[in-house]
Amino acid sequence: MLICIPEVLSKQKVAHFREAMAKAEWEDGRSTAGSQSLLVKNNLQLPQDGRAARELGDEVLDALAASPSFVSAALPSKIFPPLFNRYGVGHGFGLHVDNAIRGVPNTPVRIRTDLSVTLFLSEPDEYDGGELVIEDRVGQQEVKLSAGDLVLYPSTSLHLVREVTHGERIASFFWLQSMIRDNVARALLFDLDQAIQSLSARLGSGDPACVKLTAVYHNLIRTWAEA
Amino acid sequence: MLVHVPCTLAKEEVAYFRGAMAAAEWEDGASTAGANSSFVKKNEQLPPDSEVSRKLGGRLLGALLANPAFLGAAVPLRIFPPLFNRYGVGDHFDPHVDNAVRGDALTGVRIRVDLGATLFLSDPDEYDGGDLVVDDVYGSRQFKPPAGDLVVYAAGSLHMVAPITRGVRLASFIWLQSMIRHDEARGVICDLDASIQDLAPRVGQDDPDLRKLAGVYHNLIRYWGEA
């Protein structure tokens, strides 16, 4: 399941992020890389415990919480504090898989990375290359979204960021542990929620079938969720 | 899970069953009881391997497999050949749970008994007492529906037939293994199916939301189903 959610951040919000990031100090992106991805990662990051990353990260979290599509698709339990990266010309991130477990620095919190998220902060016409490429057993999916849009995909996939050949690609990225560990179960809940939202808009949320379907949705969450 | 399926057999069909049963030989119902329930069971049965029992059983299976409400609630995988019983005055079946596994000597079929079902073949005014009483999640429920109705219950829940104080109570009872082993999961699937059946005539079979719900239904069966 690869889900794109448009306009999680407004264009004004994106401009505010860009401004704050332009003033910040950047460091080598390998500071948060595991031993395998160390070899293939070449970019810059805001220091994860720096003030800029924390303040902007909290704004990202607020925007996520206010996005019904994101909540429905991810059913998040714990979200890693968002990180921010910058790929200039010649930067890229070769094929890798994300670490299964991540500790949140300076806290006892540990997250199982069920889903990976990239929130694009540069417009596609600002850079060449820099596509997020997600591999599966039959081929590749390429993702390059408008600034303010995000993509959500299972962390189990091998993925890469193509080398940037022109301009600059700025993004936020993070991982999350979902209340619903299993990708199949989570995808099914997303479909069910979408159908319920659409039917409720057409028939009224008090329609008996909508009420029953809502019970089905919550009972499935009760069956599967880790809270 | 506790579901009442009205009019599973038409009145003419009930009359046919009653005619065949009136002409048959009966035996002590203890013949199919487990070690524990033989103490609490007092009724008569058609011998399970008798021609009349097999013939009526086959006919009943045909009706069950053509009944969308039954199929939606039970999601049957294997159905044990139906048995037929008769409770006269003083007969009863005290609270018990059904055996977990049953083999049929004649066909070699062995099933895990997930669900039991009683098909009533006498109308309520033909006898006093004889209620089917089932302990369910929200308490004890009593059933004494018209002839032709079916009550499906979790085989693991305590259930009983109250003593008969007047007349004769005829019924068939069925055990089955469901594709959906767990009661709560099957309940969710049953509710989802009922919602889809309710919506289909209202929004049309080719409605995109309905198709999405049908996809969710089949994916849930795929997720949980044993075939």
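Up top is the structure.
Residues numbered from 1 in each chain as written. Chains lettered and ligands numbered in written order. Predicted model: local features only at pLDDT ≥ 70, side-chain atom pairs only at ≥ 80, totals over all residues. Heavy atoms only, no water.

What's the story with the side chain of Arg186(B) in this structure? I'm lost.
Residue and element names in this part refer to chain B. Within the secondary structure, Arg-186 sits in helix α4 (residues 183-203). Exposure remark for Arg-186: the relative accessible area of 0% places this residue in the buried category. At a separation of 2.9 Å, a polar atom in the side chain of Arg-186 contacts the main-chain carbonyl oxygen of Ile-180. (Helix = DSSP H or I, 4+ residues; strand = E, 2+ residues; numbered from the N terminus. Buried < 20%, exposed > 50% of the residue type's maximum accessible area, 1.4 Å probe, protein only. Polar contact = N/O pair within 3.5 Å; in protein donor to acceptor, adjacent residues only side chain to side chain.)

Looking at this structure, how should I read the layout of surface pockets?
If a probe as big as a water molecule is rolled over the atoms, it shows which places are left empty. Considering only enclosed or pocket space, the largest pocket measures out at about 800 Å³ in volume. Forming the walls of the largest pocket are 22 residues, and the residues nearest its centre are Met1(B), Val137(B), Tyr138(B), Gly187(B) and Asp191(B). Going through the elements one at a time, α5 (208-224) of chain A together with β1 (2-5), β13 (139-143) and α4 of chain B are the ones with two or more residues in the lining of the largest pocket. Here the residues of the lining of the largest pocket sort into ten nonpolar, five polar and seven charged. The calculated volume of the second largest pocket comes to roughly 330 Å³. In terms of lining residues, the second largest pocket is bounded by 13 residues, among which Ile134(A), Glu135(A), Asp136(A), Pro154(A) and Ser157(A) are the most central. Taken together, the elements giving at least two residues each to the lining of the second largest pocket come down to β12 (132-136) and β14 (150-154) of chain A. The dominant element in the lining of the second largest pocket, judged by the number of residues it contributes, is β12(A), at three residues. Split into classes, the residues belonging to the lining of the second largest pocket amount to six nonpolar, four polar and three charged. (1 Å grid on protein atoms, 1.4 Å probe; cavity = no way out; pocket = protein on both sides within 12 Å on 5 of 7 lines; lining within 4 Å. Points joined across faces, edges and corners; volume = space filled by probe spheres on them. Nonpolar A, V, L, I, M, F, W, Y, C, P; charged D, E, K, R; others polar.)

What exactly am I supposed to notice about empty space enclosed by the protein here?
Residue and element names in this part refer to chain A. Enumeration over the complete set of coordinates arrives at two cavities of 30 Å³ or more. The computed volume of the largest cavity comes to approximately 270 Å³. Listed by contribution, the elements that provide at least two residues to the lining of the largest cavity are β6 (83-87), β7 (92-96), β10 (115-120), β15 (158-161) and β17 (169-178). Top element by residues in the lining of the largest cavity is β17. It accounts for four residues.

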